[in-house]
Amino acid sequence: MHNRLKTKFLGFEVRSPLVLPAGIMDMSFSALSISTENGAGIVTSKSLTLEPRTGHKGPVVAEFEGGFLNCMGLCNPGIVDGLAEINEFKERSDTPVIVSVFATNVNDFLKLTEFVNTSKGDFLELNLSCPNVFDEFGIPLAASKDEVHKIIKAVKKISELPVIAKLSPNVYDIVSIAKAAESAGADALCMINTVGPGMLIDTKMVKPVLFNKLGGLSGPCIKPIALKLIYQTYSDVNIPIIGMGGVKCGEDAIEMMMAGASIVGVGTAIYYRGIEVFNKINNEIIEFMDENGYENLQEIPKLEKLLM
Amino acid sequence: MNKRITLKIAKIKDEIKDIKTFSFKYKLNAKPGQFIMLTDFEGGEKPFSISDCTKDEFSITIKKIGEFTSRLFQKDVGDLVSIRGAFGSSFFISNGKVLLVGGGYAVPTFYFFSKILLESGANITLINGARTKDELLFVEKFGKLGINLINTTDDGTFGEKGTSVDIARKLLVSKLQQNQLVSKPQLGDNSRFHPATAGWKRENVDKFDFIYASGPEMMMKALQGVIGEIEYEFLFERYMKCAIGICGSCTVDPLGIRLCVEGPVLPKKIVEQLTEFGKYHRDASGKRILY
Ligand SMILES: Cc1cc2nc3c(=O)[nH]c(=O)nc-3n(C[C@H](O)[C@H](O)[C@H](O)COP(=O)(O)OP(=O)(O)OC[C@H]3O[C@@H](n4cnc5c(N)ncnc54)[C@H](O)[C@@H]3O)c2cc1C
Ligand SMILES: Cc1cc2nc3c(=O)[nH]c(=O)nc-3n(C[C@H](O)[C@H](O)[C@H](O)COP(=O)(O)O)c2cc1C
Ligand code: FES
């Protein structure tokens, strides 16, 4: 891969700033491998829970003009099998892995952290923000800065890996939540999770398209929201941000960086541009740097902070 | 873009016990081997291969297995269901001498495929296998296509006796080896006046250019062992959720290719690399399930 795409993230040198986000093409070691082979610099596992989950009944995805709704329902093989897949991946690849975990209370997060400590994962990401399990678990933890603080603080005490907090876009005051995560010791932020949730209706059968009725929005339509939230947060925290939400091309990735992201997630775009999307965007980033006179990623400027 | 479309069931045909064909009036433009995702919005959206597809109609042939398919079996003509697709890779359209090996509910997709193969001038031998007579599918429909149809049942209650793979082995291995070992011509063999070339000629007669399989995974695994050097394509099944290549539930080890995008039809050079083939698959949670 091109040297000009190299960047540092929490002490790791990564060969591309592009990240495979949680929940997309990451159920197995081989799924993680294929994104790496196609140019992703870091990969994230599916959000793992203590017990396996089969997820919601289908339809679990619904397409519309601006993107997708999904309500996978946190299907995953459970922390034990999930980590086995990650370990198998690490036997074949030196690409850093973010292990995403999901729980609804401190105790379960601590149990998950203990498991992750014994794995070959490189980072621990706390999914505090899944919008698709409302019926089961209620409002995501990321909606409350006190909950965010409490969980991260407890996890940080025992985690042997850097801790990333995955935040929800569906909040009024993102800055205070981000600050709560930082003051609790989070090493980085990942934003944003899916937006909404929203719904779509089948007009012939007069039914919600998703069996879960509601699903989180991803894809191009959420990019402006992601940019705004990252921009709002960036200058108020001193920890790096993994920016994601609707990134589809090199220029989208550059926008994320200008808003404040250190590295950039590319998820739903796999649908639009194929699994090769990572290499395509890598090349487009280089083209952008050529055209605009930037030697490397570090030279890409951040937007000036204006009052919002 | 694979837009969702909600359609009336135009026709329902009882094939055999627990297997029905559902037809729809819709220009699907599918290729043989591809599948659709079907839902009734009552819980579940499931993949089904296309068993027939004409200019303005298509069919799927479904086996009643669990909750979703049982509910589908309650539906009547005129009821609405919603589909996405067609998705995935399709069979290579050969114009040579081809062998199709099928078993169970995965056989009907060969009906659609055979029609396309015939259009391209292929010479088709189809092994249509089932455990017993009552489970054999599409016997009449295949019969009408005018292909070389070999029906076979494990218990011999209809057609040949033996599994699909037993028959394939006879066609592919035994005869070939027999002919190589025994150059003595058989009665009625045109080549009997040229004993030296008899084996060669017979080998040519039975040589297939391409083999296709659609059926239980262990059937395909066994078939792989008798195919030899011939090119082939197998139709695989894995748990599918999104069908558009983002959720990762249908990927196969160790390549990480997605059966909903790069599959479900996979060519020999890919199949040979699959370490999970015939060993395990993953369930709805992603947990490995051994065969
Ligand atoms: C590419 C492909 C083509 C298929 N073509 C046909 C076909 O032409 N005719 C036919 O009858 N069946 C076909 N199937 C299988 C069909 O999808 C399952 O039989 C159906 O989903 C069962 O649902 P259920 O709720 O009735 O059973 P359940 O009780 O939910 O499941 C029974 C079994 O069906 C399989 N299954 C269930 N859900 C899925 C899913 N979402 N994706 C894949 N497999 C699943 C699993 O092996 C499971 O153990 C195909 C599957 C795939 C992947
Ligand atoms: C199918 C699907 C499944 C997802 N599953 C998870 C998950 O398990 N955990 C999580 O933190 N985020 C999950 N997400 C959110 C993504 O990680 C990402 O934050 C979001 O999709 C925005 O990026 P994108 O527009 O590039 O897809 C999922 C998104 C999609 C589309
Ligand atoms: S079913 Fe989601 S990737 Fe194939």
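Residues numbered from 1 in each chain as written. Chains lettered and ligands numbered in written order. Predicted model: local features only at pLDDT ≥ 70, side-chain atom pairs only at ≥ 80, totals over all residues.

1. Side note on helix H10 (residues 277–292) of chain A
Because each turn of an α-helix spans 3.6 residues, side chains separated by three or four positions end up pointing in the same direction. All names here are of chain A. The end-to-end C-alpha distance of H10, which contains 16 residues, comes to 22 Å, matching closely the 22 Å that a straight helix rising 1.5 Å per residue would cover. All of the buried residues along H10 are Val277, Phe278, Ile281, Asn282, Ile285 and Met289. Projected down its long axis, H10 carries its buried residues within an arc of 140°, all on one side. Exposed and oriented more than 90 degrees from the buried face of H10 are Glu287, Asp290 and Glu291. Buried residues along H10 sit against strand E3 (18–20), helix H1 (29–37), helix H8 (250–259) and helix H9 (269–273). Following H10 by one or two positions, Gly293 has its phi on the positive side, about 75°. (Helix = DSSP H or I, 4+ residues; strand = E, 2+ residues; numbered from the N terminus. Expected span 1.5 Å × (residues − 1). Buried ≥ 20, exposed ≤ 12 C-beta atoms within 10 Å, placed from the backbone. Arc of directions from axis to C-beta. Contact = placed C-beta atoms within 7 Å.)

2. Concerning unusual backbone geometry
Note the cis peptide between A:Gly58 and A:Pro59, where omega equals -5°. In the segment running from B:Gly85 into B:Ala86, the intervening peptide bond is cis, with an omega of 5°. By the element assignment, B:Ala86 lies in strand E7 (residues 80–87). Of note, A:Lys213 is a non-glycine position whose phi angle comes to about 70°, a positive value. The residue A:Lys213 is located in the loop between strand E13 (207–208) and strand E14 (215–218) in this model. Phi at B:Ala243 takes a positive value of approximately 65°, unusual for a residue other than glycine. Tracing the backbone shows B:Ala243 in the loop between strand E13 (231–235) and strand E14 (251–252).

3. Focus on the site of ligand 1
All names here are of chain B. Around ligand 1, 21 residues are found, and the nearest of them are Lys46, Ser49, Gly66, Phe68 and Thr69. Those elements giving two or more residues to the shell around ligand 1 turn out to be strand E5 (45–53), strand E6 (58–63) and helix H1 (67–73). When grouped by side-chain class, the residues that make up the shell around ligand 1 number eleven nonpolar, five polar and five charged. Counting the residues that make up the shell around ligand 1, at least three belong to each of domain 1 (5–87) and domain 3 (236–290). (Near = placed C-beta within 6 Å. Nonpolar A, V, L, I, M, F, W, Y, C, P; charged D, E, K, R; others polar. Domains from an automatic or database assignment.)

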